[in-house]
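Observations on the model geometry
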Amino acid sequence: AGSTFKMFVLTNAIERGINPYSTRYLSAPLIGPDNWRVHTFENTYSGRIPLTQATVESDNTVYARLTLDLGPQPIAGLAHRMGIQSSLKPVPTIGLGVNAISPLDLATAYATLADGGVAHDPTILTKVVFPDGHTENASQPKGKQIVDPKVAAAVTKVLEANVRSGTGTAAALTDRPVAGKTGTTDSFADAWFAGWVPQLMT
């Protein structure tokens, strides 16, 4: 999932009372557990910066440090509750998106934020039109409040800033707000954008 997974780290941090505007982390190369080396995509660093800036810059070194502080297991648990069905290894690199997940999983989990913290099981059908012309609407899966609405709003605000001035600017629209996060894996094997407008998550 690459850096799209940073959303789960940010959400878990805010849930645990960390203010993304006032909490600063070090942006600098890091050698983690088992000689794991972390650097930024362009090998540029900003010193101690707020989590909001680290999100807009998609700073791997800050998010690696934050993941280590929060612990991989709570982040994996939150991701599962928000809609990730793929198996997640709760390893120190989880916050940088090292686990393979499907686009449907990612869209489902991001849609939880888009709906104010309410998670829904994905459904493929909305209605069936029969040959005689009559229709039957599919039952809508009932959602469950997974993330506090205030936390979902705070994460949304940070990810809106990412689309306005960070890595997600190519997704900006002029007629409505957009929130989202990019993610790129090694050698561009996968390149992602997960985001939403008030009406649609993609």
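Described in the following lines is the structure provided in the data block. Since the structure is predicted, the reported quantities are computational estimates derived from the model, not experimental observations.

About the cut-offs
Residues numbered from 1 in each chain as written. Predicted model: local features only at pLDDT ≥ 70, side-chain atom pairs only at ≥ 80, totals over all residues. Heavy atoms only, no water. Salt bridge = Lys/Arg side-chain N within 4 Å of Asp/Glu carboxyl O. Axes fitted to C-alpha atoms, helices over the stretch in contact; angles between N-to-C directions. Helix = DSSP H or I, 4+ residues; strand = E, 2+ residues; numbered from the N terminus. Parallel < 35°, antiparallel > 145°, perpendicular 65-115°, else oblique. Contact = heavy atoms within 4.5 Å. Buried < 20%, exposed > 50% of the residue type's maximum accessible area, 1.4 Å probe, protein only. Patch = residues over 30% accessible without salt bridge, like charges linked within 9 Å, V, L, I, M, F, W, Y side chains within 5 Å. Areas by Shrake-Rupley, 256 points an atom, 1.4 Å probe, with all protein chains shown as cover. Polar contact = N/O pair within 3.5 Å; in protein donor to acceptor, adjacent residues only side chain to side chain. Pairing = 2+ DSSP bridges. 1 Å grid on protein atoms, 1.4 Å probe; cavity = no way out; pocket = protein on both sides within 12 Å on 5 of 7 lines; lining within 4 Å. Points joined across faces, edges and corners; volume = space filled by probe spheres on them. Nonpolar A, V, L, I, M, F, W, Y, C, P; charged D, E, K, R; others polar.

Taken as a whole and assessed by the stated rule, the structure comprises one salt bridge. Between Arg 176 and Asp 175 there is a salt bridge whose closest N-O contact spans 3.0 Å.

The subject of this paragraph is the packing of helix α1 (residues 6-15) against helix α4 (residues 72-82). Across the interface, α1 lies against α4 with an axial gap of 9 Å and an inter-helix angle of 105 degrees. The orientation of α1 with respect to α4, classified from their angle, is roughly perpendicular. Residues Met 7, Phe 8, Val 9, Thr 11, Asn 12 and Glu 15 of α1 pack against Pro 74, Ile 75, Leu 78, Ala 79 and Met 82 of α4.

The next point concerns unusual backbone geometry. Positive phi is not limited to glycine here, since Asn 35 has a value of about 60 degrees. One non-glycine residue, Ser 58, lies in positive phi territory at about 50 degrees. As for its placement among the helices and strands, Ser 58 is situated in the loop between α2 (51-56) and α3 (60-70). Taking the relative accessible area as the measure of exposure, Ser 58 reaches 13% and is therefore buried.

On to a nonpolar patch on the surface. On the surface, Ile 124, Leu 125, Val 128 and Phe 130 cluster together to form a nonpolar patch covering roughly 380 Å² of accessible area. For Leu 125, the location among the structural elements is in the loop between β5 (118-119) and β6 (127-129). For Leu 125, a relative accessible area of 45% corresponds to the partly exposed category.

Further remarks concern the environment of Ser 102. Inspection of the secondary structure assignment puts Ser 102 in the loop between α4 and α5 (103-114). Taking the C-alpha atoms as reference, Ser 102 lies 8.3 Å from Ala 1; in sequence the two are 101 residues apart. Separated by 3.0 Å, the side chain of Ser 102 and the backbone nitrogen of Asp 105 make a polar contact.

Further remarks concern α1. Taking burial as the measure, the ten residues of α1 include nine buried ones, the bulk of the element. Along α1, the residues that are buried comprise Lys 6, Met 7, Phe 8, Val 9, Leu 10, Thr 11, Asn 12, Ala 13 and Ile 14. Elements in contact with the buried residues of α1: α2, α3, α4, α5, α6 (149-165) and β9 (179-184).

On the basis of which strands lie adjacent, the open sheet formed by three strands has the order β9-β10-β11 and antiparallel pairing. The sheet is open, and its two edges are formed by β9 and β11 (200-201), each paired on a single side. Two elements, β9 and strand β10 (residues 191-197), share six bridges in a ladder whose sense is antiparallel. The partner of Thr 182 across the bridge, within β10, is Phe 193. Set on the sheet, α6 makes contact with β9 and β10; between it and β9 the angle comes to about 65 degrees.

The element β9 is largely enclosed, with a buried count of five among its six residues. The hairpin formed by β9 and β10 contains six residues between the paired strands, and Ser 187 there has a positive phi angle of roughly 55 degrees.

A separate point is the layout of surface pockets. Within this model, the largest pocket holds a volume of roughly 800 Å³. Taken together, 29 residues make up the lining of the largest pocket; nearest its centre are Ser 3, Thr 40, Phe 41, Asn 60 and Thr 184. Breaking the lining of the largest pocket down by element, the ones donating at least two residues are β3 (37-38) and β9. In terms of residue count, β9 provides more of the lining of the largest pocket than any other element does, four residues in total. Grouping the amino acids of the lining of the largest pocket by side-chain chemistry returns seven nonpolar, 16 polar and six charged. When its volume is computed, the second largest pocket comes out at roughly 520 Å³. Around the second largest pocket sit 22 residues that line it, and Ala 107, Thr 108, Ala 111, His 120 and Met 201 are the ones nearest its centre.

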